[in-house]
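# Observations on the three-dimensional arrangement
Take a look at the letters that make up each chain.
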Amino acid sequence: MNTFIQVMVNGLGKGAVYALLALGFVIIFKASGVLNFAHGSFVLLGGYVAVRTQDDLGFTVSAILGVATAGLGALFIERVLVARRPLADPIALALLTIGVDVILTEEIIRRLGVELPFLGRPYDGKPIQVGDITFFRTQLIALAVGAVLVTLFFLAFRLTGWGVAMRAQAENREAAALMGIRRGRVTAAAWVIGGVLAGVAVLFLATQDFSGSGLSRGTHAIALVAFPAAIIGGLDSTEGAIVGGAIVGLTEALSAQYISFEFSKVAVYVVMLTVLIVRPSGLFGTRERTRV
Amino acid sequence: MLLQVSDLTVRYGRTIQGLADVDVDVPPGSVTAVLGANGAGKSTLLRAISNTLPLHRGKVTSGSITLEGRDLAKLDPAEIVMAGVVQVPEGRQVFTTMSVEENLRAGGLIVAKEKREPARDRVFELFPRLAERRTQRAGLLSGGEQQMLAMGRALMSSPRLLLLDEPSLGLAPKMITLIGEIIREINAAGTAVLLVEQNAAMALKVAEDVVVLEVGRLALKGRAADVKDSPELAALYLGGHGDSQDDTLSESAEGTDAEPATPVARRTLSKWQG
Ligand SMILES: Nc1ncnc2c1ncn2[C@@H]1O[C@H](COP(=O)(O)OP(=O)(O)OP(=O)(O)O)[C@@H](O)[C@H]1O
Ligand SMILES: [Mg+2]
């Protein structure tokens, strides 16, 4: 039982990080119609700035810098590649993001060289012992940060003018334009949010507790789990991204504990395929239905 | 003139002509109707005015569109809304996943905060039905209610010119009559209206001026009162009894989007062109 609680809490902690990644991916898709395959490289970009500055500036400042850089990087990609092609084929834009991903990732990996610097000094590797249950501080903080950010996001999404504009534009681009909603502002904000969430996620991904590895190609690989998380939830559902993230985190943790560590990555995709067979548009998605 | 469309020619893609040399004027404070069969270019005209043609891979190739002398062609859709020209698109296109209130909010995003609440109150006054259903998802409203919402949403920015694209489409006769009355009310409050319709009976009841488009060209232009009694238009749209005012008439007029209307239209209207 204790093991189960431990696995669940740590799984949810990981799930919170995946949820942040999936949410960013979904917001970008909803606002601009682009499947952003460069999401993993936004993670590396934020992480790279953070690890390079943390010795001089301390963790907090470097974390903020990293998050801001990831947000600005996403904005740059949006301005240069997406905003100027309002009528481009979404598939062509998705292919462009693959190009961005390769360039950014390879350059950061080259700059990192053989070091694999860790992030998360204030919390990483300092587990909390409650009875015979071990909680990883990284996962607990990830859970708390994830909960706060997700709550803030949904409040903004439901209540602010930006949220209304974003949902309007996601549902019906022409009608939104006819209301005077400027697509460019909505998409720019969406990419910044996506980048920022990726920048926050890496603060937990490149840790001993989360992956046992510092910032590396492995971080990028883990970030790719955002895709199955978003697909499970439904690509155009923000709520789905949160649920999908949690499902992926728990699937990984439970299957690693009770089946085998090697199987845990496969398990995520087994779950994804199962969901897709039962519900082709994902748990909360509507894309499939509305396209018909 | 409030709105002046001159010699407007629109192309879709490389080859498809949407409009050719069309002139339409909307005097301030009036209702001007644009009639025409399917594919006549009515929606194309509104898209050109709102500058949303690029979303349909269309383009104005010549002509001008001015609002009180100001060139609208250089403005983006948001600037056109800010200039006071707002369109209710064909098929309502309310935001189905959002509530009635959120739809209205979307319509008012572009105006100053302090103007939004009074605007919403006015919309609820005009459409009490919307006030009753304010928290309901727009997708669950009836067709008539969705049309009201689409119009209310457009009124949130207090436009000087309202562009309506076939507001009667798919509605029952009673609802069409109601929508017609509401258009008159909106107009009485000072908003000019450019009303695109296939339902000539309703449009002629509401409008002062009429323009008829036929396959992208201007076929007929005149005062509604004169055109209403013309046998040609009657034969075209009203099945031969053009002066009737009741709902049965709107009902039969609703049938004009059936195919047979088009050949008749072409034959009759070519006379008018000569
Ligand atoms: N996106 C588009 N691409 C190519 N051609 C188009 C496009 N939209 C409209 N057209 C063509 O332009 C012409 C005018 O179309 P438009 O939609 O303006 O007609 P309409 O009068 O609004 O018809 P309806 O009453 O059916 O709505 C038609 O021949 C149509 O086929
Ligand atoms: Mg039309």
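Residue positions within a chain follow its written sequence, with the count starting from 1. Key to labels: chains lettered from A, ligands numbered from 1, both in the order written. Confidence filtering applies because this is a predicted model: local features only for residues at pLDDT of at least 70, side-chain atom pairs given and counted only at 80 or more, and all residues used for totals across whole chains, interfaces and linings. Hydrogens and water molecules were not included; the side-chain quantities draw on all heavy atoms of the structure.

### Regarding the overall build of chain B
Basically, it comes down to this: Working definition: helices are DSSP H or I runs of at least four residues, strands are E runs of at least two. Numbering for both runs from the N terminus. Working rule for contacts: check all heavy atoms of both residues, and any pair within 4.5 Å makes them a contact. Calculation of accessible area relied on Shrake-Rupley with a 1.4 Å probe; when residues are assessed, cover is drawn exclusively from the protein chains displayed.
A tally of regular secondary structure across chain B gives 12 helices and 10 strands. Considering only residue pairs separated by 6 or more positions, chain B has 71% of its internal contacts joining residues 24 or more positions apart. Split by element, the accessible area of chain B, about 11300 Å² in all, is 50% carbon and sulfur.

### What to know about the coordination of the magnesium ion (ligand 2)
Residues and elements named next belong to chain B. What counts is decided by this rule: Donor selection uses N, O and S atoms within 2.8 Å of the metal (3.2 Å for Na, K and Ca). Since no water is included, sites may look incomplete. With a 1.4 Å probe rolled over the protein chains alone, any residue whose accessible area is under 20% of its type maximum counts as buried; one over 50% counts as exposed, and the rest are partly exposed.
Donor atoms from the polypeptide that bind the magnesium ion (ligand 2) are Ser 43 (OG) and Glu 90 (OE), placed at 1.9 to 2.5 Å. In this pair, Ser 43 is assigned in helix H1 (residues 42-50) and Glu 90 in the loop between strand S6 (85-88) and helix H3 (100-108), connecting sequence segments 47 residues apart. Judged by relative accessible area, which is 12%, Ser 43 ranks as buried. Taking relative accessible area as the criterion, Glu 90 reaches 32% and is therefore assigned partly exposed.

### Things to note about the pairing of strand S9 (residues 209-214) of chain B
Looking along a regular strand, one sees side chains alternate from face to face of the sheet. All names here are of chain B. How we decide: Only strands joined by at least two bridges in the DSSP assignment are considered to pair.
Most of S9 sits inside the fold, with 6 of its 6 residues counted as buried. Because side chains alternate across S9, one face comprises the buried residues Asp 209, Val 211 and Leu 213, and the other comprises Val 210, Val 212 and Glu 214, equally buried. Direction of pairing for strand S3 (residues 31-35) relative to S9: parallel, over a ladder of 4 bridges. Each residue of the ladder has a partner; that of Leu 35, found in S9, is Val 212. Both S9 and strand S10 (residues 217-223) contribute to a ladder of 6 bridges, which runs antiparallel. Across the sheet, Glu 214 pairs through a bridge with Arg 217, a residue of S10. Where S9 folds back on S10, the antiparallel hairpin that results is connected by 2 residues, among which Val 215 adopts a positive phi of roughly 35°.

### Side note on helix H1 (residues 2-32) of chain A
Residues and elements named next belong to chain A. Filter applied, for reference: What a helix is expected to span follows from its residue count: subtract one and scale by 1.5 Å.
With 31 residues, H1 ought to run about 45 Å at 1.5 Å a step, and its terminal C-alpha atoms sit 45 Å apart, in line with that. Across the 31 residues that make up H1, a large majority, 24, are buried. Remark: Gly 33 follows H1 within two positions and exhibits a positive phi of approximately 75°.

### A word on the sheet that holds strand S4 (residues 58-67) of chain B
Residue and element names in this part refer to chain B. Stated formally: Working convention: axes come from line fits to C-alpha atoms, limited for helices to the stretch in contact. Angles between N-to-C directions cover 0 to 180 degrees.
Strand order in the open sheet formed by 4 strands is S2-S1-S4-S5, and the pairing between neighbours is antiparallel. In this open sheet, the two strands that pair with only one neighbour each are strand S2 (16-26) and strand S5 (70-71). Across 8 bridges, the pairing between strand S1 (residues 3-12) and S4 is antiparallel. Each bridged residue has a counterpart across the sheet, and for Thr 9 the counterpart in S4 is Ser 62. Where H1 meets the sheet, its contacts fall on S1, S2 and S4, and the angle it forms with S1 comes to roughly 110°.

### Quick notes on the interface of chain B and chain A
Just so we agree on the cut-off: Summed over both partners, buried area is the accessible surface (1.4 Å probe) that two parts give up on being assembled. By convention in these notes, a salt bridge is any Lys or Arg side-chain nitrogen within 4 Å of a carboxyl oxygen on Asp or Glu. Polar contacts, as used here, are pairs of N or O atoms within 3.5 Å; protein pairs need one atom able to donate a hydrogen and one able to accept it. Residues neighboring in sequence count only if both atoms are side-chain atoms.
Taken together, the contact between chain B and chain A spans 29 residues of the former and 21 residues of the latter. In total, chain B and chain A occlude about 2100 Å² of area from one another, counting both sides; carbon and sulfur atoms represent 58% of this. Ranking the residues of chain B by area buried against chain A places Leu55(B), Phe95(B) and Arg105(B) at the top, with a combined share of 24%. Run the count over chain B and chain A and you get 3 salt bridges. Notably, a salt bridge pairs Arg182(A) with Glu79(B), separated by 4.0 Å at the nearest N-O pair. Taken together, chain B and chain A are joined by 8 residue pairs in polar contact (both at pLDDT 80 or more). Mapped onto the side of chain B that touches chain A, the elements with two or more residues apiece are H1, helix H2 (77-82), S6 and H3 of chain B. With 5 residues, the top contributor of residues to the side of chain B that touches chain A is H2(B).

### A short note on the confidence of the model for chain B
Formally: A residue's pLDDT is the confidence the predictor assigns to it, expressed on a 0 to 100 scale.
Across chain B, pLDDT averages 86, with 85% of residues at or above 70. Confidence estimates for the predicted assembly give a pTM of 0.87 and an ipTM of 0.86.

### Focus: the site of ligand 1
All names here are of chain B. To be explicit about the condition: One heavy atom suffices: a residue is near a molecule or strand as soon as one of its heavy atoms comes within 4 Å of it. For this classification, Asp, Glu, Lys and Arg are treated as charged, while Ala, Val, Leu, Ile, Met, Phe, Trp, Tyr, Cys and Pro are nonpolar and the rest, including Gly, are polar.
Surveying the vicinity of ligand 1 reveals 16 residues, the closest of which are Asn 38, Lys 42, Ser 43, Thr 44 and Glu 90. Separating an oxygen atom of ligand 1 from a backbone N or O atom of Gly 39 is a distance of 2.8 Å. In the environment of ligand 1, an oxygen atom lies 2.8 Å from a nitrogen or oxygen atom belonging to the side chain of Gln 198. Taken by itself ligand 1 offers 630 Å² of open surface, and the protein chains cover 70% of this. Those elements giving two or more residues to the shell around ligand 1 turn out to be S2 and H1. Sorting elements by how many residues they give to the shell around ligand 1 places H1 first, with 4 residues. Across the shell around ligand 1, the residue classes break down as 4 nonpolar, 8 polar and 4 charged.

### Comments concerning the packing of aromatic side chains
What counts, and what does not: Aromatic rings from Phe, Tyr and Trp, with only the six-membered ring used for Trp, were paired whenever their centres fell within 6.5 Å, and each pair was classed as stacked if the ring planes differed by under 30 degrees, edge-to-face if by over 60, and tilted otherwise. To sit over a ring, a charge needs its Lys NZ or Arg CZ within 6 Å of the ring centre and within 35 degrees of the ring normal.
Scanning all chains against the criterion turns up 8 aromatic pairs over all chains. With a centroid separation of 5.8 Å and an interplanar angle of 85°, the aromatic rings of Tyr18(A) and Phe210(A) are classed as edge-to-face. Remark: Phe210(A) occurs in the loop between helix H7 (183-205) and helix H8 (217-223) and Tyr18(A) occurs in helix H1; sequence separation between them is 192 residues. Between Phe37(A) and Phe227(A) the ring centres are 5.5 Å apart and the planes differ by 75°, which places this aromatic pair in the edge-to-face class. Placement of Phe37(A) in the loop between H1 and helix H2 (39-82) and of Phe227(A) in helix H9 (residues 226-233) is noted, with a sequence separation of 190 residues between them. Owing to a relative accessible area of 28%, Phe37(A) belongs among the partly exposed residues under this scheme. By the ring-pair criterion, three or more aromatic residues cluster together here, those being Phe25(A), Phe37(A) and Phe227(A). If you follow Arg167(A) out to its NZ or CZ, it ends over the ring of Phe157(A), 5.6 Å from the centre. Over the face of the ring belonging to Phe95(B) we find Arg153(B), whose NZ or CZ atom lies 4.7 Å from the ring centre.

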